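# Structure assessment
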Amino acid sequence: MIGVISYLVFFATVASILSIAVLGMGVALLGLSGWFITASAAAGIAGLGILFNVFAPSAMIRFLALGRTLARYGERLLTHDATLRALSDLRVRLLRGLLTRPHRTLERLRASALLNRVTADIDALDGALLRLVIPAAAGAVTIALSSALLWVLVHPFIAVVVGGGYLVLPTLVFLVGQAAARRPSRRAEAALQAARTRLVDLIAGRDDLAMYGQSVAVGKQTQDAFARHAEARRHLDRIDRRTGMSLDLAGSGITALTLAIGARLVQTQAIGPAEAAIGVFAALALAEAVAPVRRALSEIGRMVQAARRVAPSVQVQTSTAPTGLDVCHGPLVFDAVALDRSAEAPAMGGPLSFQVPPGALTALTGPSGVGKTTTLLLAAGALSPSHGAVILGGTEVASLSPGRIVLVPQRNALIAGTVAENLRLAAPEATDDTLWEALETTRLVETIRTRGGLDLCLGFRGAGLSGGEARRLVLARALLCRPAALLLDEPTEGLDEETAAEVMTNLRRALPDVPILMASHRTVEITAADQVIALRGAGR
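Right, let's walk through the structure included here. Just so we're clear, the structure is a prediction, and the values are computed from it rather than from any experiment.

## Description of a nonpolar patch on the surface
The grouping of Leu149, Trp151, Val152, Leu153 and Val160 at the surface amounts to a nonpolar patch, some 550 Å² of accessible area in total. Sort the elements by how many residues they give to the nonpolar patch and helix H4 (residues 111–153) lands first, with 4 residues. Of note, Trp151 is situated in helix H4.

This is the structure we're talking about:
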């Protein structure tokens, strides 16, 4: 991480230096051209043209023109390289930060809304470096250096007018424009996110929406979101035009004032016409240094909001991260475990103590909301108990290596792809025979074989399989993990009694030395258990 940051700082610094070089060469090129033209004309009028050396300034003009082109190329190359690397590093850090959030917090996130928001936030931050930080820093430095040179080469009055004008007026325009653009920028971003999310929901749920006659209503809501986005963008465009006009007027005013002061100084013979031309043309050239103000205004609101959302998410909560310890097979032990009420989970009942021996199946029963799923999350290490400890094979579960304890939740996590690709998420090196063995354990061989085998393509979230088939495919994937403990949340929901009983028997046969803890309400599951624990919940 430190190496990446050092790399980014180095290349961002080099890119900033090249940006200053581009702007500085542009000012020098135009100022020198103005001096050359004016000095040549003055020499000709005075009859001294034969003595005027045109070769040195001509060579310098060519050097500045070519150097500016090369510096611009290098600046673009390094700036985009640094930006893309910074965004790549940010994406990784953002993912790591999200993965350390409490399980209940992640459960409440909607996949489509989160993906759209994260993508938009990263895209917004893309412009922060390219269109805000580097251009602003390079522009300020260039204006300051140009003012210093004008002070020496031309006249202090010219330097004060050019430097003060370009540092003060565009800053005021930016502050006023930023205040005006902040709200419509936020509205545009919020409307775009709502439109994208609704469009994804409309496409993903088109069958259900058509069945219940809601397609038109949801489509109208999606169109309304896009209309709000378009209106906010029109507002931003108006601000952009007014900002551009203000910057143009400021540049024209500074140039006109420089011309007037220069003419007055020439009349008083304080400076010559050629020196006055340097100030006028430098004032014209410095308009390029403040041009990024206009481009940044329409996105400043997005950048600020994106930074505020992303900053907390990239912080990795190391306190809950596993230490990577491995474990031998052993009992799963709840030692006086209790969980106080929090934002992540409801409170549990009194201290919970029980043991699941290797090869045994324990069922957790009780009414909905009593804490069965919470108990499974504690066993998986996704939640930390307020009191007591959850231990597997002599080691607290929070310290175990990822994948040693496998939890199969109620919501099936399948991807769009083949059956083999879904299974190999758990065992990338597994052979086809190993995959068929896992499918045989969950009674899916016949179903999968008759529909295309392991190459059967599933749609979004496993579309193409029934609820019971999808649940069994997830169970087969859990077996491929070779877990030290298996946690199941109503594993046979959607299966008939006969299939459910056989699946439970096969699971125990496939994992003869693994403790299995299961949240259950079905008789067929409870009957298969060696131990049944009835939870009462908080206050019961």
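## Notes on the packing of helix H13 (residues 432–441) against helix H15 (residues 467–480)
Between two packed helices, both the angle of their axes relative to each other and the distance between the axes serve to describe the pair. Contact pair H13 / H15: the axes reach a minimum separation of 8 Å and the direction vectors enclose 125 degrees. Considering their axes alone, H13 and H15 lie oblique with respect to each other. The two elements H13 and H15 cross, and the hand of that crossing is right-handed. The segment H13 lies against H15, with Thr434, Leu435, Ala438, Leu439 and Thr441 engaging Leu473, Ala476, Leu479 and Leu480. Class assignment for the residues of the contact of H13 with H15 results in 7 nonpolar, 2 polar and no charged.

## What to know about the sheet that holds strand E2 (residues 352–356)
What links the strands of a sheet is backbone hydrogen bonding, and the strands pair in either a parallel or an antiparallel sense. Taking strand neighbours across the sheet as the criterion, the 4 strands line up as E2-E1-E4-E5 in an open arrangement whose pairing is antiparallel. Among the strands making up the open sheet, the edge pair consists of E2 and strand E5 (395–396). Of the pairings in the sheet, the one linking strand E1 (residues 332–338) to strand E4 (residues 387–392) comprises 5 bridges and is antiparallel in character. When the sheet's bridge partners are listed, Phe334 is paired in E4 with Val390. The sheet contacts of helix H11 (residues 372–380) involve E1, E2 and E4, and relative to E1 the element is tilted by about 115 degrees.

## Quick look at the packing of aromatic side chains
Throughout the structure, instances matching the rule amount to 1 aromatic pair. Summarising the aromatic geometry, the rings of Phe334 and Phe354 are spaced 4.6 Å apart at their centres and angled 15 degrees between planes, so their arrangement reads as stacked. One end of the pair, Phe334, is in strand E1; the other, Phe354, is in strand E2, with 20 residues separating them in the sequence. Comparing Phe334 with Phe354, the two get one shared label, buried.

Rules used in this analysis
Residues numbered from 1 in each chain as written. Predicted model: local features only at pLDDT ≥ 70, side-chain atom pairs only at ≥ 80, totals over all residues. Heavy atoms only, no water. Patch = residues over 30% accessible without salt bridge, like charges linked within 9 Å, V, L, I, M, F, W, Y side chains within 5 Å. Areas by Shrake-Rupley, 256 points an atom, 1.4 Å probe, with all protein chains shown as cover. Salt bridge = Lys/Arg side-chain N within 4 Å of Asp/Glu carboxyl O. Helix = DSSP H or I, 4+ residues; strand = E, 2+ residues; numbered from the N terminus. Axes fitted to C-alpha atoms, helices over the stretch in contact; angles between N-to-C directions. Parallel < 35°, antiparallel > 145°, perpendicular 65-115°, else oblique. Left-handed = near helix turned anticlockwise from the far one by under 90°. Contact = heavy atoms within 4.5 Å. Nonpolar A, V, L, I, M, F, W, Y, C, P; charged D, E, K, R; others polar. Pairing = 2+ DSSP bridges. Phe/Tyr/Trp six-rings, centres within 6.5 Å; stacked < 30°, edge-to-face > 60°. Buried < 20%, exposed > 50% of the residue type's maximum accessible area, 1.4 Å probe, protein only.

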